[in-house]
Amino acid sequence: MDSNKVIKAGFGYTIANYLIKGLAFFTLPIFTRLLTTADFGIYNTFLAYENILTVILGVSFYSSFNAARFKFSKIEKYISACITFSSILSLVFLIFVQIIYPIYSRYLGLDRWILVLLFAYSFSTAIITYYNSYVGLDYQYKKFVLISAIGAIGNIVMSLLLVLTFFSNNRGIGRIAGMTIPTIFLSTYILLFFFSKNKPNLDKNCIRYALLYSIPIIPHSLSQIILNQFDRIMITSIVGESESGIYSFAYTMFSILLITITSIDKIWGPWFFDNLKENNFLKIKKTSTQYGLLMAVISSLLMLIAPEIIKFLGPKEYWNAIYCVIPIVIGGYFSFLYYIPCQVEYYYAKTKYIAFGSILAAIVNIILNSIFIHQYGYIAAAYTTLISYLLYFLFHYLISVRIAHKCLFETKKIVMMSCGVILFGVVAFRLMYSPIIRWGLSIVIAVIYGSVIFKEFEVTNKIRKIKMRKM
């Protein structure tokens, strides 16, 4: 395994994701000024439903690709079978939902044609996820970048066009249609790509393996969505759409973390599988700690500069989101930590444990939200999510130790990093109205961490040169 290729891919995924997601991030001030808080709430509620439906229609098959490449001689045939099964399931499900539409329409609050858009967008997103997981197996970050860039640019351009023209009186729906249309075109291209590699099929061995591996992941994925999205649905129903819009806006800080998490996870999963197979336990411990430290620094910096980012991105009616940001970011850090031990569960195909832990955390989140949102409003959801993610990580960490019969990670250092992030959260909250101190502190942290990274690379290069001379 070429370590330089892995490092290059890691940086490539991260930088590209920031550039691509940055397009959406920096156009957010435009959409927050075009959309009312109620429109923004409707749009994010649609996304919450979409995330749930994507998991169901995609059957979380993408989660099996890492393991399937070791079991099947041709991974393209396996993925083609997954896509064929998912396509048939989506069509059957759509027909069924349209038939019973009159029964549940008043509860869902979506017109028939919006429901069709929801299905189209959800299925298309599942197909794109298949592709990104596929190219991630060989660290092909350039292909991931290309698809993601086209999707991001198309999303923004089409949304602005529809919001300012055809849907000027219903801009929330215009934003939904604007992101759906480019996604459909992209997924169509990907379908043709996979079917050119291997024709559509329903190979029994592939489908059986995919279902046995992935079905337990569905409740896990749905539980993750509940942790990420369901609080917005509850805020909408308990408090109101405007408050849901403000809370959703606060979640843009979490999206910054999520960009880095998803970028590094693209190469962390395959890298972890390869090294665990080779019993490189010391390398796994060291790398996972470095991974955790990187995210701890990013989380701390984000909390320190969050008030100014919020004020830059949104008008005054969104500024109360500042009070949600710190607990959301801390919760996001624990959400990231989950990705470190969960690979043990994926490697040993113990996906039932993944599902159980995620369901447990989701139930805790729903119970806490139902109690505290009523009492303290939408801000309480940020703190209940933090608690849920903490429990979420702890459970999976303990399960990983049980499955592997040893701890593959540096527990003391992970505890220290977690305490550090919480401490910086307290500091950021106390200094919320002292921007000069906060920004000064963030610069100091960035310089110190940057110098440590520079020295480490310097030492690594020297060791590599010495080894090359000996050879």
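Residues numbered from 1 in each chain as written. Predicted model: local features only at pLDDT ≥ 70, side-chain atom pairs only at ≥ 80, totals over all residues. Heavy atoms only, no water.

What to know about unusual backbone geometry
Move 1: Of note in the backbone geometry, Ser-60 takes a positive phi value of approximately 55° without being a glycine.
Move 2: With respect to the secondary-structure elements, Ser-60 resides in the loop between α3 (37-58) and α4 (65-71).
Move 3: Within the chain, His-405 stands out as a residue other than glycine whose phi angle is a positive 65°.
Move 4: By the element assignment, His-405 lies in the loop between α17 (379-404) and α18 (411-430). (Helix = DSSP H or I, 4+ residues; strand = E, 2+ residues; numbered from the N terminus.)

A short note on the nonpolar core
Move 1: With 137 residues, the main nonpolar core has Tyr-78, Tyr-247, Met-253, Phe-272 and Phe-409 as its most contacted residues.
Move 2: Considering every element that reaches this core, the biggest residue donor is helix α15 (residues 322-347), with 17 residues. (Core = buried A, V, L, I, M, F, W, Y, C linked by side-chain atoms within 4.5 Å. Buried < 20%, exposed > 50% of the residue type's maximum accessible area, 1.4 Å probe, protein only.)

Things to note about the confidence of the model for the protein
As a note on interpretation, predicted positions should not be read in detail where pLDDT is low.
Move 1: Scored by pLDDT, the protein comes out at a mean of 81, with 88% of its residues at no less than 70.
Move 2: When mean pLDDT is compared element by element in the protein, α18 scores highest at 92, while helix α1 (residues 3-26) scores lowest at 60.
Move 3: A low-confidence stretch, residues 458-468 (pLDDT under 50), is modelled with 1 contact involving residues beyond four sequence positions or located in other chains. (pLDDT = per-residue confidence, 0-100. Contact = heavy atoms within 4.5 Å.)

Looking at the packing of aromatic side chains
Move 1: Per the counting criterion, the structure on display carries 26 aromatic pairs.
Move 2: Their ring planes at 20° and their centres at 6.4 Å tell us that Phe-272 and Phe-409 sit as a pair that is stacked. Taken as a pair, Phe-272 in helix α13 (residues 252-277) and Phe-409 in the loop between α17 and α18 lie far apart in primary sequence, 137 residues in all.
Move 3: The exposure class assigned to Phe-272 is buried, which follows from its relative accessible area of 0%.
Move 4: A relative accessible area of 3% places Phe-409 in the buried class.
Move 5: On the numbers, 5.1 Å between centres and 65° between planes, the contact of Tyr-338 with Tyr-339 is edge-to-face.
Move 6: Three or more aromatic residues joined by ring pairs make a cluster, and in this case those are Phe-65, Phe-72, Tyr-78, Tyr-130, Tyr-209 and Tyr-213.
Move 7: The side chain of Lys-406 reaches across the aromatic face of Phe-281, ending 3.9 Å from its centre. (Phe/Tyr/Trp six-rings, centres within 6.5 Å; stacked < 30°, edge-to-face > 60°. Lys NZ or Arg CZ within 6 Å of the ring centre and 35° of its normal.)

Quick word on the pattern of salt bridges
Move 1: Enumeration according to the criterion identifies 4 salt bridges in this entry.
Move 2: One salt bridge in this structure joins Arg-69 and Asp-274, with 3.6 Å as the shortest N-O distance. Taken together, the positions of Arg-69 in helix α4 and Asp-274 in helix α13 put the pair 205 residues apart, joining distant regions of the chain.
Move 3: For Asp-274, a relative accessible area of 15% corresponds to the buried category.
Move 4: The partner of Glu-410 in a salt bridge is Lys-413, and the shortest N-O contact between them spans 3.7 Å. (Salt bridge = Lys/Arg side-chain N within 4 Å of Asp/Glu carboxyl O.)

Quick notes on a nonpolar patch on the surface
Move 1: Residues Tyr-323, Tyr-383, Phe-429 and Tyr-433 make up a contiguous nonpolar surface patch of about 450 Å² in total accessible area.
Move 2: Mapped onto the elements, Phe-429 comes out in helix α18. (Patch = residues over 30% accessible without salt bridge, like charges linked within 9 Å, V, L, I, M, F, W, Y side chains within 5 Å. Areas by Shrake-Rupley, 256 points an atom, 1.4 Å probe, with all protein chains shown as cover.)

Some details on helix α16 (residues 351-376)
Move 1: The end-to-end C-alpha distance of α16 is 36 Å, a good match for the 38 Å that 26 residues give at a rise of 1.5 Å each.
Move 2: Most pronounced at Asn-369, the bend in α16 amounts to some 30°.
Move 3: Inspection of α16 places Thr-351, Ile-354, Ala-355, Gly-357, Ser-358, Ala-361, Ala-362, Asn-365, Leu-368, Asn-369 and Ile-373 among the buried residues, and these make up the whole buried set.
Move 4: Positive phi shows up at Gly-377, right after α16, with a value of about 85°. (Expected span 1.5 Å × (residues − 1). Bend = angle between axes of the 7 residues up to and from the residue.)

Points about the environment of Ser-214
Move 1: Within the secondary structure layout, Ser-214 lies in helix α10 (residues 204-214).
Move 2: Sequence separation between Ser-214 and Phe-61 is 153 residues; the distance between their C-alpha atoms is 5.5 Å.
Move 3: Setting aside its immediate chain neighbours within four residues, Ser-214 contacts Val-59, Ser-60, Phe-61, Ser-63 and Ser-64.

A look at the environment of Ala-177
Move 1: Within the fold, Ala-177 resides in helix α9 (residues 171-197).
Move 2: Overall, the relative accessible area of 5% leaves Ala-177 in the buried class.
Move 3: Separated by 14 residues in the primary sequence, Ala-177 and Val-163 place their C-alpha atoms 9.2 Å from one another.
Move 4: Residues in contact with Ala-177, not counting those within four places in the same chain, are Leu-117, Leu-162 and Phe-167.

Points about the side chain of Ser-288
Move 1: With respect to the helices and strands, Ser-288 occurs in helix α14 (residues 281-313).
Move 2: Of the residues examined, Ser-288 reaches a relative accessible area of 2% and is grouped as buried.
Move 3: Beyond its immediate stretch of four places on either side in the chain, Ser-288 contacts Trp-268, Ile-340 and Phe-409.

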